[in-house]
Amino acid sequence: MTDNNFETYEERVEREEKEKKAAEEAEKRLDTALLSVLGTKSGREALAWMLSLTAQDVSVTAFDALRMAWQSGRRDVGLDILTRLRALSPELVRLMEQERDDRRNTRLDVDGAGK
């Protein structure tokens with residue numbers, strides 16, 4: 001930066017390029033971490049549990065507008081996470097969902113509700 005605390009055009013371009021590169025590297029690190037978690041059965045189980053907290057597969061319809069807005073925001077977070085996971089590895093997301101369904105079915109059978 002120059003002495004008058006204003007950055008020149010070149011300095012601004014350089015700063016923006018560094019910020020863009022840092023953001024891209026952070027995105028790559030996050031993608032690598034998510035793939036690492038999706039790559040293990042226990043990781044997929046943990047992600048499925050976290051996604052269940054967002055109720056992304058449940059209707060947000062409610063009589064109370066504030067409750068519906070809250071549920072919609074919660075659901076949108078889950079959908080954003082699921083979209084990112086599917087972009088990284090649709091196959092592993094399908095496997096995660098199948099394993100989740102298998103766990104649900106096993107619990108139903110153990111409780112006697114599956115008969």
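Calculation rules
- Residues numbered from 1 in each chain as written.
- Predicted model: local features only at pLDDT ≥ 70, side-chain atom pairs only at ≥ 80, totals over all residues.
- Heavy atoms only, no water.
- pLDDT = per-residue confidence, 0-100.
- Helix = DSSP H or I, 4+ residues; strand = E, 2+ residues; numbered from the N terminus.
- Core = buried A, V, L, I, M, F, W, Y, C linked by side-chain atoms within 4.5 Å.
- Buried < 20%, exposed > 50% of the residue type's maximum accessible area, 1.4 Å probe, protein only.
- Contact = heavy atoms within 4.5 Å.
- Expected span 1.5 Å × (residues − 1).
- Arc of directions from axis to C-beta.
- Polar contact = N/O pair within 3.5 Å; in protein donor to acceptor, adjacent residues only side chain to side chain.
- Patch = residues over 30% accessible without salt bridge, like charges linked within 9 Å, V, L, I, M, F, W, Y side chains within 5 Å.
- Areas by Shrake-Rupley, 256 points an atom, 1.4 Å probe, with all protein chains shown as cover.
- Salt bridge = Lys/Arg side-chain N within 4 Å of Asp/Glu carboxyl O.
- Axes fitted to C-alpha atoms, helices over the stretch in contact; angles between N-to-C directions.
- Parallel < 35°, antiparallel > 145°, perpendicular 65-115°, else oblique.
- Nonpolar A, V, L, I, M, F, W, Y, C, P; charged D, E, K, R; others polar.

### Some thoughts on the confidence of the model for the protein chain
- Within the protein chain, residue pLDDT values average 90, and 90% of them lie at 70 or more.
- Taking the mean pLDDT of every element in the protein chain, the minimum, 88, falls on helix α4 (residues 90-111) and the maximum, 96, on helix α1 (residues 9-38).

### Some thoughts on the nonpolar core
- The biggest cluster of nonpolar side chains holds 9 residues, and these are L34, L38, L47, A48, L51, L82, L85, V93 and M96.
- Those elements that place two or more of their residues in this core are α1, α2 (41-54), α3 (65-88) and α4.
- For this core, the element with the highest residue contribution is α2, accounting for 3 residues.
- For L34, the contacting residues outside a window of four places in its chain are R84, L85 and L88.

### Quick notes on the side chain of E99
- With respect to the helices and strands, the residue E99 is situated in helix α4.
- With near-sequence residues (within four places) excluded, E99 lies in contact with K41 and R44.

### Structural notes on α2
- For α2, which comprises 14 residues, the first-to-last C-alpha distance of 20 Å matches the rise-based estimate of 20 Å (1.5 Å per residue) to within 8%.
- What α2 keeps buried is the set G43, R44, L47, A48, L51 and T54. Down the axis, α2 shows its buried residues gathered within 135 degrees of arc, on one side only. Away from the buried face of α2 by more than 90 degrees, exposed residues K41, S42 and W49 are located.
- Backbone geometry just after α2 places A55 at a positive phi near 55 degrees.

### Examining α3
- Helix length check: α3 (24 residues) gives 35 Å between terminal C-alpha atoms against 34 Å at 1.5 Å per residue, within 8%.
- For α3, every residue scored as buried is listed here: Q71, G78, L82 and L85.
- Here α3 starts with a cap whose side-chain oxygen sits 3.2 Å from the backbone nitrogen of L66, and that cap is D64.

### A word on a nonpolar patch on the surface
- The grouping of W49, M50 and L53 at the surface amounts to a nonpolar patch, some 340 Å² of accessible area in total.
- With respect to the secondary-structure elements, M50 resides in helix α2.

### Things to note about the side chain of E97
- Note on placement: E97 falls in helix α4.
- The exposure class assigned to E97 is buried, which follows from its relative accessible area of 19%.
- Setting aside residues up to four positions removed in sequence, E97 forms contacts with L82 and R86.

### Some points on the packing of α1 against α3
- The N-to-C vectors of α1 and α3 enclose an angle of 85 degrees; their axes lie 10 Å apart at closest approach. With respect to α3, the element α1 is oriented roughly perpendicular. Contact with α1, carried on its side by E27, L30, D31, L34, L35 and L38, involves R84, L85 and L88 of α3 and no other residues of that element.
- Considering only residue class, the contact of α1 with α3 consists of 6 nonpolar, no polar and 3 charged.

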